[in-house]
Each structure stands twice: as C-alpha cells, then as structure tokens.
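What follows is the residue order along each chain.
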Amino acid sequence: LELANQYPGAQGIGFLQLVKHDQKDAFISNLREGGAKDFNIWPNQDQNDYFPVVYVEPLDGRPVLDTGFDMQSDPVRAAAMRDTGLPAATAKLMLRGVNGQPAEPGFLILAPIYQNDRTPRTEPERREALSGFVYSQFRAADFVKSVLAIKNTSDINLRLYDGPAALNENLLA
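Conventions and cut-offs
Residues numbered from 1 in each chain as written. Predicted model: local features only at pLDDT ≥ 70, side-chain atom pairs only at ≥ 80, totals over all residues. Heavy atoms only, no water. Phe/Tyr/Trp six-rings, centres within 6.5 Å; stacked < 30°, edge-to-face > 60°. Pairing = 2+ DSSP bridges. Helix = DSSP H or I, 4+ residues; strand = E, 2+ residues; numbered from the N terminus. Salt bridge = Lys/Arg side-chain N within 4 Å of Asp/Glu carboxyl O. Core = buried A, V, L, I, M, F, W, Y, C linked by side-chain atoms within 4.5 Å. Buried < 20%, exposed > 50% of the residue type's maximum accessible area, 1.4 Å probe, protein only. Contact = heavy atoms within 4.5 Å. Arc of directions from axis to C-beta.

## Remarks on the packing of aromatic side chains
Enumeration according to the criterion identifies six aromatic pairs in this entry. Connected via pairs of aromatic rings, a cluster forms that spans Phe107, Phe138 and Phe143.

Quick look at the structure:
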C-alpha cells in the first residue's frame, strides 16, 4: 500500500471499533481468544460506548503503545469523532514521546466507518450504522517537514498553529 509514501508525515494508521457498554466484556474476551492476550480497554470508565484502538500499524518503526486506549475518553479526540459522516482532525494534542523523548505537538485525522460501506445521510442513521473510525496520527513537525519536502521550499518560513490565534500555546510546528 505504500502508506508512508501516500500519506507523508503520518506516524501510523489504526482502527477504533465502537463497543457498546453491554458488549464490552464479550468484545475483550473475543480479542484475547483471537491472540491479543493482554488486550484491555483503558482507561477503565463506565460509559455507554467505547472506541478502543483495536489495530495500529506504525509507519515509522515506533512501538505500538495505544492498543486498547479508548479514544472517546479524551475530550480533544472525542470532539473530532462527530456524526458528520466526514473525516475530521483533532485540535492540538501532545503525543507521547518514545525512548525517553518528550511529548511533541501533533494531531489525529479520523474517518468514520459505517456498516454496509456507505455513509448514511442523516445523523440518527449514521449513529445507528457507525462501526468505528480509521485514524492516522501526525507529529506536527514531521508533517510540516514532509509537506515542505514535496517542493523546493527552502525560502519559506512556515509555522502551523491550532486555531485562529498565532499564540505560542497554539504552535504546532
């Protein structure tokens, strides 16, 4: 698929599956029986629906650390998981560093997946047919670097901010 070439700056691609509260235990048991022996949904919160990371394919060789993480438990990630039927990006996130490195600013892009491979027209129909989300994680500095590498842009000084105000706390890269 050449995902790293098709999506420059992406750190990986993954899938979040919708798990209803009353199906949580059976879902975890099925994954464990299928070979994911240590799988668990975390953080452990009592809620109606969960969206745990079920599959992750890192594109940059970094270890997979997020399996089982319920993305809906984080308000920034949950805000991008709306019922629009379209892909959405999160606001600025601090993405965990690896090998002792500090956290770095970044974002996720999430695309909803519906039953029967079609996007229902209305919000109630989309809620009923939602299976989960495909997502990709981007470290902002790597994303900007890869976008600028597409053309000769050595004479451009680019800064990427989250939101309308160019404030230091909104700086992504």
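## Some points on the pairing of strand S7 (residues 104-114)
Sheet topology places strand S5 (residues 88-89) next to S7; two bridges connect them, and they run antiparallel. What sits directly across from Ala89, in S7, is Ile109. Direction of pairing for strand S6 (residues 93-95) relative to S7: antiparallel, over a ladder of three bridges. Considered in S7, the bridge of Leu95 is made with Glu104. Note that S7 and strand S8 (residues 130-139) share nine bridges and pair antiparallel. Bridged to Gly106 within S8 is Arg139.

## Structural notes on the pattern of salt bridges
Taken as a whole, this structure holds six salt bridges when the rule is applied. The salt bridge involving Arg127 is made with Glu123; its shortest N-O contact spans 2.5 Å. In this pair, Arg127 and Glu123 are both assigned in helix H4 (residues 123-129), four residues apart and thus about one turn of the helix distant.

## Brief notes about the nonpolar core
Ranked by size, the top nonpolar core spans 18 residues in total, and within it Leu16, Phe51, Met71, Met81, Leu110, Phe133 and Tyr135 carry the most contacts. Listing elements by their share of this core, those giving two or more residues are S6, S7 and S8. When neighbours within four sequence positions are excluded, Met81 is seen to be in contact with Leu16, Phe51, Met71, Gln72, Leu110 and Phe133. With nine residues, the next largest nonpolar core counts Phe15, Phe27, Phe39 and Tyr50 among its residues.

## Comments concerning helix H5 (residues 140-148)
Among the residues of H5, Ala140, Val144 and Ser146 are the ones counted as buried. The arc that holds the buried residues of H5, viewed along the axis, is 165°, so those residues lie on one side.

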